[in-house]
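Secondary and tertiary structure notes
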Amino acid sequence: MEKINIMINGLPGNVSSKMVQFAIADERFNVIPFSLTGQEIESKTQTIDSISFELVKPDTRDKKIQEIKSWFVSFIAIDYTHPLAVNSNALFYTQNQIPFVMGTTGGDREQLEQVVKNSLTPAVIAPNMAKQIVGFQAMMEYAADTFPNLFKGYTLNVVESHQKGKADTSGTARAMVGYFNKLGADFNVNDIQMVRDPQLQEKEWKIPKEYLTGHGWHTYTLTAKDGSAFFEFKHNINGRDIYVSGTFDAVLFLNDKLAEPGNPKKLYTMIDVLNRK
């Protein structure tokens with residue numbers, strides 16, 4: 001199997017650094033030594049496993065990407081950058097016809113999807129790349145479509161805890177609220193409780209100290225109006241390893257799609273990836 005060239009963007013961020021570590025050790029991939037980063041990043045390079053990655057900032061990326069494309073004719077970008085960069089990065093990828101896997105949450109998601117649909121560039125976009133959570137979401141979507149208003153009259157409470165550096169509300173939690181609302185709950189996504197305090201996470205949530213800088217704990221509770229029934233759904237993820245497998249599966253999926261000439265579809269989700277034959 002010929003190795004797939006991938007460009008992992010978002011260094012020196014924790015998630016992208018983890019992706020790089022795993023990708024370097026994965027025989028399916030060739031990690032190219034460049035990474036898009038934020039204008040505020042002072043470092044010019046980052047070294048991971050003896051490979052020095054040049055960090056490419058927004059003010060130089062238009063010129064630099066032409067050089068990169070001359071050295072690597074084809075590659076797939078993996079985006080774990082910042083919520084504020086989601087839409088501008090997607091536009092950059094499509095304008096330069098760089099297929100991409102977008103694991104970054106936040107931004108204007110409708111605009112993000114439309115940019116891809118209107119382009120010639122295929123992409124996999126998902127607020128969560130953990131396959132097990134995506135599967136759980138698919139089950140919730142099925143329940144919402146099949147049993148609408150199942151929990152009508154129940155009160156929904158949503159609490160999510162992530163590392164202090166996560167700037168936005170969890171995209172997974174927002175998606176789950178949509179399913180619960182179809183099931184009859186009347187809940188505004190702005191009422192999702194975000195926990196970002198490490199002391200609170202360790203002492204009250206009992207999150208292991210070693211995972212305070214990288215975790216995702218979500219709890220969804222439904223309570224009957226008279227208090228006679230209570231349902232709780234929970235998924236707790238420690239570390240970032242679980243996202244690597246799903247992201248790499250998305251890259252393989254996208255690589256297969258690139259080999260299909262004349263395929264009109266450009267926008268894919270992790271559900272498409274899970275259904276990959």
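Owing to the predicted nature of the structure, the values given are computational and were not obtained by experimental measurement. (Residues numbered from 1 in each chain as written. Predicted model: local features only at pLDDT ≥ 70, side-chain atom pairs only at ≥ 80, totals over all residues. Heavy atoms only, no water.)

A look at the sheet that holds strand β7 (residues 100–102)
The six strands are arranged β2-β1-β6-β7-β8-β13 in an open sheet whose pairing can be described as parallel. Unpaired on one side and paired on the other, β2 (29–31) and β13 (267–268) mark the two borders of the sheet. Looking at chain direction, strand β6 (residues 76–79) and β7 are connected through three bridges and run parallel. In the sheet register, Ala-77 faces β7, and the bridge partner there is Phe-100. Contacts between helix α1 (residues 14–24) and the sheet are confined to β1 (4–9) and β2, with β1 contributing the most and set at about 160 degrees to the helix. (Pairing = 2+ DSSP bridges. Helix = DSSP H or I, 4+ residues; strand = E, 2+ residues; numbered from the N terminus. Contact = heavy atoms within 4.5 Å. Axes fitted to C-alpha atoms, helices over the stretch in contact; angles between N-to-C directions.)

Structural notes on the sheet that holds strand β5 (residues 51–56)
Spatial ordering of the open sheet is given by β3-β5-β4, a layout of three strands whose pairing is mixed. What marks the edges here is a single partner per strand, and that holds for β3 (34–36) and β4 (45–48). If you compare each strand with its neighbour and ignore which way they point, the axes differ by 30 degrees on average. Bridge analysis of β4 against β5 gives four bridges, and the strand direction is antiparallel. Looking across to β5, one finds that Thr-47 is bridged to Ser-52. Taken strand by strand, α1 contacts β4 and β5, and its axis lies near 45 degrees from that of β4. Packing of helix α2 (residues 61–71) onto the sheet brings it into contact with β3 and β5, and relative to β3 it is tilted by some 145 degrees.

Quick word on helix α3 (residues 86–95)
Counted residue by residue, α3 has seven buried out of 10 residues, so it is predominantly covered. Along α3, the positions that sit buried rather than exposed are Val-86, Asn-87, Asn-89, Ala-90, Phe-92, Tyr-93 and Thr-94. Tucked inside the fold, the buried residues of α3 contact β1, β3, α2, β6, β7 and α4 (109–117). One or two residues past the end of α3 sits Gln-97, with phi positive at roughly 50 degrees. (Buried < 20%, exposed > 50% of the residue type's maximum accessible area, 1.4 Å probe, protein only.)

Re the environment of Phe-187
Locating Phe-187 in the fold gives a position in the loop between α6 (171–182) and β10 (193–195). On the accessibility criterion, Phe-187 (12% relative accessible area) is buried. A C-alpha to C-alpha distance of 14 Å links Phe-187 and Lys-225, two positions 38 residues apart in sequence.

Concerning the packing of helix α5 (residues 131–146) against α6
Close contact between α5 and α6 brings their axes to 8 Å; oriented N to C, the two are set at 20 degrees. Looking at the two axes, α5 sits roughly parallel to α6. Pair α5 / α6 crosses with left-handed handedness. Facing α5, whose interface residues are Ile-133, Phe-136, Gln-137, Met-140, Glu-141, Ala-144 and Asp-145, α6 presents Thr-172, Ala-175, Met-176, Tyr-179, Phe-180 and Lys-182. Its residues assigned to classes, the contact of α5 with α6 comprises eight nonpolar, two polar and three charged. (Parallel < 35°, antiparallel > 145°, perpendicular 65-115°, else oblique. Left-handed = near helix turned anticlockwise from the far one by under 90°. Nonpolar A, V, L, I, M, F, W, Y, C, P; charged D, E, K, R; others polar.)

Let's talk about the packing of aromatic side chains
In the structure shown here, the tally under the stated rule is 10 aromatic pairs. The interplanar angle of 40 degrees and the centroid separation of 5.6 Å between the aromatic rings of Phe-180 and Tyr-220 together place this pair among those described as tilted. Taken together, the residues Phe-180 in helix α6 and Tyr-220 in strand β11 (residues 215–223) connect sequence positions 40 residues apart. You can call Tyr-220 buried: its relative accessible area is 0%. Ring-pair connections join several aromatic residues into one group, and the members of that group are Phe-92, Tyr-93 and Phe-100. Over the ring of Phe-92 we find Arg-61, and its NZ or CZ is 4.4 Å from the ring centre. (Phe/Tyr/Trp six-rings, centres within 6.5 Å; stacked < 30°, edge-to-face > 60°. Lys NZ or Arg CZ within 6 Å of the ring centre and 35° of its normal.)

The quantities given are spatial measurements derived from coordinates; they are silent on function.
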